[in-house]
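Below are the chains, spelled out letter by letter.
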Amino acid sequence: MSGPLIVLVGPMGVGKSTVGGLLAASLGTGYRDTDADVVATAGKSIAEIFFDEGEERFRQLEREAVREALAGHTGVLSLGGGTVLDPATRELLKGRTVVYLSMDVEEAVRRTGLNTARPLLAVNPRKQWRELMEARRHLYEEVALASVATDGRTPEEVATAVLDALEALELPERPGEAPAPHGGEKTPMTEQGPTRIQVAGSAGTDPYEVLVGRQLLGELPRLIGDRAKRVAVLHPEALAETGEAVREDLAAQGYEAIAIQLPNAEEAKTVEVAAYCWKALGQTGFTRTDVIVGVGGGATTDVAGFVAASWLRGVRWIAVPTTVLGMVDAAVGGKTGINTAEGKNLVGAFHPPAGVLCDLAALDSLPVHDYVSGMAEIIKAGFIADPVILDLVESDPQAARTPAGPHTAELIERSIRVKAEVVSGDLKESGRREILNYGHTLAHAIEKNERYKWRHGAAVSVGMVFAAELGRLAGRLDDATADRHRAVLESVGLPLTYRGDQWPKLLENMKVDKKSRGDLLRFIVLDGLGKPTVLEGPDPAILLAAYGEVSA
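Conventions and cut-offs
Residues numbered from 1 in each chain as written. Predicted model: local features only at pLDDT ≥ 70, side-chain atom pairs only at ≥ 80, totals over all residues. Heavy atoms only, no water. Helix = DSSP H or I, 4+ residues; strand = E, 2+ residues; numbered from the N terminus. Buried < 20%, exposed > 50% of the residue type's maximum accessible area, 1.4 Å probe, protein only. Contact = heavy atoms within 4.5 Å. Polar contact = N/O pair within 3.5 Å; in protein donor to acceptor, adjacent residues only side chain to side chain. Salt bridge = Lys/Arg side-chain N within 4 Å of Asp/Glu carboxyl O. pLDDT = per-residue confidence, 0-100. Arc of directions from axis to C-beta. Pairing = 2+ DSSP bridges. Core = buried A, V, L, I, M, F, W, Y, C linked by side-chain atoms within 4.5 Å. Axes fitted to C-alpha atoms, helices over the stretch in contact; angles between N-to-C directions. Phe/Tyr/Trp six-rings, centres within 6.5 Å; stacked < 30°, edge-to-face > 60°.

**Student:** Help me understand the overall build of the protein chain, please; the structure alone is not making it clear to me.
**Tutor:** Scanning the protein chain from terminus to terminus reveals 22 helices and 17 strands. Put simply, the protein chain has 552 residues, and 53% of those count as buried. Within the protein chain, contacts between residues separated by at least 24 positions form 73% of all contacts whose residues are at least 6 apart in sequence.

**Student:** Can you help me understand the side chain of Gln502 in this one?
**Tutor:** Along the chain, the position of Gln502 falls in the loop between α20 (479-491) and α21 (503-510). Taking relative accessible area as the criterion, Gln502 reaches 8% and is therefore assigned buried. A distance of 3.1 Å separates a polar atom in the side chain of Gln502 from a polar atom in the side chain of Asp501.

**Student:** Would you explain the pattern of salt bridges in this entry?
**Tutor:** On inspection of all chains with the given rule, the structure shows 39 salt bridges. Glu469 serves as the salt-bridge partner of Arg486, at 3.5 Å between the closest nitrogen and oxygen. Remark: Glu469 occurs in helix α19 (residues 456-473) and Arg486 occurs in helix α20; sequence separation between them is 17 residues. For Arg486, a relative accessible area of 21% gives the class partly exposed. Across the pair Arg522 and Glu536 runs a salt bridge, and its minimum N-O distance is 2.9 Å. With a gap of 14 residues between them, Arg522 in strand β16 (residues 522-526) and Glu536 in strand β17 (residues 532-536) connect regions that are remote in the sequence.

**Student:** Got a minute to help me understand the confidence of the model for the protein chain in this structure?
**Tutor:** Per-residue pLDDT for the protein chain averages 86, and the proportion of residues at 70 or more is 87%. Across residues 112-125, confidence stays below pLDDT 50; counting only partners more than four residues off in sequence or on other chains, it has 23 contacts. Between residues 171-192, whose pLDDT stays under 50, and residues either more than four places distant or in other chains, the model counts 51 contacts.

**Student:** Hey, could you run me through helix α15 (residues 388-395) in this one?
**Tutor:** Quick reminder: α-helices carry 3.6 residues per turn. Residues three or four places apart thus point the same way. Inspection of α15 places Ile389, Leu390, Leu392 and Val393 among the buried residues, and these make up the whole buried set. The arc that holds every buried residue of α15, seen down its axis, measures 160°, which confines them to one face.

**Student:** Is there a simple way to think about the pairing of strand β4 (residues 98-102) in this case?
**Tutor:** Each regular strand carries side chains that alternate between the two faces of the sheet. The buried count for β4 comes to five of five residues, which makes it a mostly enclosed element. Side chains Val98, Tyr100 and Ser102 of β4 all project onto a buried face; the interleaved residues Val99 and Leu101 project onto the opposite face, where all are buried too. In the sheet, strand β1 (residues 6-9) pairs with β4 via three bridges, with the strands oriented parallel. Bridge pairing links Leu8 to Val99 in β4.

**Student:** Would you take a moment to explain the nonpolar core for this structure?
**Tutor:** Counting 95 residues, the largest nonpolar core has Val210, Ile292, Ile379, Ile412, Ile416, Tyr438 and Phe466 as its most contacted members. Setting aside chain neighbours within four positions, we find Ile416 in contact with Ile197, Val210, Val212, Met327, Val328, Val332 and Cys358. Leu211, Val291, Ile318 and Val320 belong to the second-largest nonpolar core, a separate cluster that totals 18 residues.

**Student:** For this particular structure, what's the right way to read unusual backbone geometry?
**Tutor:** Note: most residues except glycine have negative phi, and most peptide bonds are trans. Positioned with a positive phi, Ala265 is a non-glycine residue whose angle comes to about 55°. Examined against the element boundaries, Ala265 turns out to sit in the loop between β10 (256-262) and α11 (271-283). Within the chain, Tyr452 stands out as a residue other than glycine whose phi angle is a positive 60°. Looking at the secondary structure, you find Tyr452 in the loop between α18 (440-449) and α19.

**Student:** Got a minute to help me understand the environment of Gly298 in this structure?
**Tutor:** Counting through the fold element by element, Gly298 comes out in helix α12 (residues 298-310). On the basis of relative accessibility, which here comes to 10%, the residue Gly298 falls in the buried class. A sequence separation of 38 residues divides Gly298 from Thr336, and the C-alpha atoms of the two residues are 9.8 Å apart. Residues contacting Gly298, with those up to four places away along its chain left out, are Thr323, Gly326 and Ala330.

**Student:** Honestly, the sheet that holds strand β3 (residues 76-78) in this entry has me stumped. Any pointers?
**Tutor:** Sheets are built from strands that pair by backbone hydrogen bonding, the pairs being arranged parallel or antiparallel. Ordered in space as β2-β3-β1-β4-β5, the five strands form an open sheet in which the pairing is parallel. The sheet terminates laterally at β2 (31-33) and β5 (146-149), the two strands that pair on one side only. Between one strand and the next, the sheet's axes are offset by a mean angle of 25°, whatever the strand orientation. The sheet contact formed by β1 and β3 spans three bridges and is parallel. Across the sheet, Val7 pairs through a bridge with Leu77, a residue of β3. Together, β1, β4 and β5 form the strand contacts of helix α8 (residues 155-168), whose direction differs from that of β5 by roughly 155°.

**Student:** Can you walk me through the packing of aromatic side chains in this structure?
**Tutor:** Ring pairs (aromatic) are described by centroid distance and by the angle formed between their planes. For the structure on display, the rule yields six aromatic pairs. Ring centres 4.9 Å apart and planes at 20° place the aromatic pair Tyr100 and Tyr140 in the stacked group. Of the two residues, Tyr100 is situated in strand β4 and Tyr140 in helix α7 (residues 125-143); the sequence distance between them amounts to 40 residues. Residues Tyr100 and Tyr140 agree in their burial class; the two are buried. Here the aromatic residues Phe466, Trp503, Phe523 and Tyr547 are joined through ring pairs into a cluster of three or more.

As structure tokens, this is what we get:
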């Protein structure tokens, strides 16, 4: 299939024309813009076409311009912001080397908010932008082979990122021939490959994929890429053999690979362990183009991500979670951190991975208590966003306790999709992302009180029952949904109670929770199934009464 080397799509103002020109110069080829083709054909500006003839006529002209350019242009091509709205045009883009350039709302307003020549952003640019992206983001992702965030980057940096992204895809010699599966939120898991769940970039970060399937370690070199010379594999002591096997495999691929062994579980999440990792990276000459790989449970990926975020102010990292908790929670979303004596995850950074590999084979040997602990985060996703998860667990609770259950892959994929959708719109927990903390305010207080000897999922289970009772007592949650918490959690073997005499200590611990604002306690509660909301400063008597419902 002949045609353009690269096709750029993305919203108005993202810089497709500038980046396209730079790419064309770098590749020694020509550049073409379908918006310019439409203007030349109509003999008037885009704004005038909209005003005189309407959007429908403009889209017709645009579709023909795209058809002609795809057939006759062999360089770099950029398309108008709304081109992907047309199904026929999206069909034309199948098999093409399409790259989606993205930007967040503040960047969009800065670039386009005062430009009245943008006919769809004439009034209230923030509101218009959000509405436009709600309609178009999934379409951009559907047609694109790769996505590149432009926030905080110069056009030259974006052009370099586009070339790096395409290089990492290992495209066929001629773009358009035998393309790899791409686009959309999810590619169904078949014999041809794993499920791929897209996490959109925001706040200047690149989008990335979470892969769910089996035998995924072969994907590591693709994610690491050719620019990296060194790779550090961080793993817990309990996975020493696995960590060394990954290191050996990467060394055989030509990387200078080292393995850094961490303590098991929460004992790894200390500043002393992070400093040990920094020392190892310094001694091996780790640079900004090198990559960290975290292989292990949620604690390991938390540390790996934090070390990556802090070394040289940020290097790329890849998560290879080996527990249910790691797959559905810790490795997705870019939250990294370590614990201190004052609380859990109070020191950290938002630093999304370059990719996440959830190899379900790792769960086959997971101890039953660790597997069940991870079920708490899956059940949480069911209560805050996807009730189908609860239906699947309730259909066979015993099967839900084991990786051999018939719904294991679907439960994990659904949970990841819930988190991916939330964090894609709120990386830094400035808004909706707080809903992911359902049950976690009390849970973190319990974990600290137990010096992190309790499993995270066990604490979250108690925390969700507490949150359900708090919602009920505050007049927010109906009795049936509150009672369902106990039934579902107990059916898979998760705890529902904690020591009643510990309330004063737990209350003090919750006051330093990350969600608190000054002395104001804040809790995520439900207004109904799948309807999370924030409850601020609840009456101390209601808090005590809710805790009474989970006291042993």
